[in-house]
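Survey of secondary and tertiary structure
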Amino acid sequence: MTKALQGKVALITGGVKRVGATIARQLHAEGMKLALHYRHSEQEAHDIQAELNKQRPDSVILLQADLGHVAKLNSMVNQVIESFGQLDALVNNASSFYPTPVGKIEEHDWDELMASNLKAPLFLSQAAAPHLTKSEGCIVNLADIHADRPLKKYPVYCCAKAGLVMLTKSLGRDLGPHVRVNAVAPGAILWPENDDMDEVTKQRIISQIALKRHGSPEDIAKTVLFLIRDAKYITGQVIPVDGGRTLGQ
């Protein structure tokens, strides 16, 4: 049986490791061709490209770019069209995440955190919009439950994600009726990559979650798949995938 997404094309930022790689594998398994962006993770990029192209030849291309440069974002979209001839879904997954305690915030912190979490999704969406309009496609943004419930010592990151939530709603209005725009707001899915969090802190977080466990990257990937494949009458919305963590906040 032909899958609903067979031959469709998705561009995923930060798509070569962690949650991004899981999203990539989920969409690829549904028949999609992929353009996977990475910044520094060259080895991981080539590894997942080889893995997925082995399953289906010429189904994955790689795009290396610093998302802070708008010209690179336009070029990325052009490369996707040159390679595959169409674009059906944009997944703005790439994200910088680190603390910025008040009193120690530098301008470069603002620039870095805003670039990946807000600036790039805006300008990539703008570049992709004509192609997504043509294909009646969609945009999925990876937001955060802390977009409206601030995380202590992370004011810049939280501001950036709050902006991404409003961008999701604004683009949902501006790009309708032809392009749907939604977001996924993960809770405790993976611990931070440079994890210095002790077990007591992790257990405290889990104790605050209604389901009493952290989630998995697959939980996020399946929600992204739903928004791309099945949610034909949903736009401008944010879906929390947090095990009920926000119920107690």
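Quick summary incoming for the structure in this document. (Residues numbered from 1 in each chain as written. Predicted model: local features only at pLDDT ≥ 70, side-chain atom pairs only at ≥ 80, totals over all residues. Heavy atoms only, no water.)

Another aspect to go through is the overall build of the chain. On a plain count of helices and strands, the chain comes out with seven helices and seven strands. Ordered by position from N to C terminus, the α and β elements of the chain give β-α-β-α-β-α-β-α-β-α-β-α-α-β. If one aligns the C-alpha atoms of the chain with their principal axes, the spans along those axes are about 50 × 40 × 40 Å. Evaluated residue by residue, the chain yields a buried proportion of 49% over its 249 residues. In the chain, 74% of the contacts between residues at least 6 apart in sequence involve partners at least 24 apart. Carbon together with sulfur atoms contributes 52% to the accessible area of the chain, which is approximately 12,400 Å² in total. Side chains of the chain carry 28 positive and 27 negative charges; the gap between the two charge centres is 5 Å. (Helix = DSSP H or I, 4+ residues; strand = E, 2+ residues; numbered from the N terminus. Buried < 20%, exposed > 50% of the residue type's maximum accessible area, 1.4 Å probe, protein only. Contact = heavy atoms within 4.5 Å. Areas by Shrake-Rupley, 256 points an atom, 1.4 Å probe, with all protein chains shown as cover. Lys, Arg positive; Asp, Glu negative; His and termini not counted. Charge placed at Lys NZ, Arg CZ, Asp CG, Glu CD.)

Looking now at the sheet that holds strand β5 (residues 138-142). One open sheet accounts for seven strands, arranged β3-β2-β1-β4-β5-β6-β7; its pairing is parallel. Edge positions in the open sheet fall to β3 (60-64) and β7 (238-241), since each of these has one partner strand only. Recorded for the sheet is a direction-independent mean angle of 15 degrees between the axes of neighbouring strands. Across the sheet, helix α4 (residues 107-135) lies against β1 (9-12), β4 (89-92) and β5, angled at about 175 degrees from β4, the strand it touches most. (Pairing = 2+ DSSP bridges. Axes fitted to C-alpha atoms, helices over the stretch in contact; angles between N-to-C directions.)

We now examine the packing of aromatic side chains. Evaluated as defined, the whole model comprises two aromatic pairs. Ring geometry for Phe97 and Tyr154: centres 4.7 Å apart, planes at 15 degrees, overall stacked. Of this pair, Phe97 sits in the loop between β4 and α4 while Tyr154 is found in the loop between β5 and α5 (155-175), placing the two residues 57 residues apart along the sequence. Look at Phe97 and Tyr157: their rings are 4.7 Å apart centre to centre, the planes differ by 85 degrees, and that puts the pair in the edge-to-face class. Here the residue Phe97 occupies a position in the loop between β4 and α4, and Tyr157 occupies one in helix α5, the gap between them amounting to 60 residues. Its relative accessible area of 32% is what places Phe97 among the partly exposed residues. An aromatic cluster is built from Phe97, Tyr154 and Tyr157, whose rings are joined through pairwise contacts. (Phe/Tyr/Trp six-rings, centres within 6.5 Å; stacked < 30°, edge-to-face > 60°.)

How two helices sit against one another is set out by the angle between their axes and by the gap between those axes. At their nearest, the axes of helix α1 (residues 18-29) and helix α2 (residues 42-55) sit 11 Å apart, and the two run at 10 degrees to each other. For the element pair α1 / α2, the angle class is roughly parallel. Listed contacts from α2 to Ala21, Ala24, Arg25 and His28 of α1 are Ile48, Glu51, Leu52 and Gln55. Counted by class, the contact of α1 with α2 contains four nonpolar, two polar and two charged residues. (Parallel < 35°, antiparallel > 145°, perpendicular 65-115°, else oblique. Nonpolar A, V, L, I, M, F, W, Y, C, P; charged D, E, K, R; others polar.)

Turning next to the pattern of salt bridges. Under the definition given, this model contains six salt bridges. For the salt bridge of Arg229 with Glu30, the shortest nitrogen-to-oxygen distance reads 3.1 Å. Taken together, the residues Arg229 in helix α7 (residues 217-229) and Glu30 in the loop between α1 and β2 (33-38) connect sequence positions 199 residues apart. Classification of Glu30 as buried rests on a relative accessible area of 16%. With a closest N to O distance of 3.0 Å, Arg229 and Asp230 form a salt bridge. Of the residues examined, Arg229 reaches a relative accessible area of 28% and is grouped as partly exposed. Each of Glu30, Arg229 and Asp230 takes part in salt bridges that share partners, so that together they form one network. (Salt bridge = Lys/Arg side-chain N within 4 Å of Asp/Glu carboxyl O.)

Moving on, we get to the packing of helix α3 (residues 70-84) against α4. The interhelical angle for the contact between α3 and α4, taken along N-to-C directions, is 35 degrees, at an axis separation of 9 Å. Crossing of α3 over α4 shows right-handed handedness. Residues Val70, Leu73, Asn74, Met76, Val77 and Ile81 of α3 lie in contact with α4, whose contacting residues are Lys119, Ala120, Phe123, Leu124, Ala127, Ala128 and His131. (Left-handed = near helix turned anticlockwise from the far one by under 90°.)

One can find His28 in helix α1. Through-space distance from the C-alpha of His28 to that of Ile139 is 17 Å; in sequence the pair is 111 residues apart. Each residue touching His28, except ones within four places of it in the same chain, is listed here: Leu34, Leu52, Gln55, Arg56, Ser59 and Val60.

Along its 29 residues, α4 runs 39 Å from first to last C-alpha, staying within 8% of the 42 Å computed at 1.5 Å per residue. Taken as a whole, α4 carries its principal kink of about 55 degrees at Ala115. Trailing α4 by a residue or two, Glu136 shows a phi angle of about 55 degrees, which is positive. (Expected span 1.5 Å × (residues − 1). Bend = angle between axes of the 7 residues up to and from the residue.)

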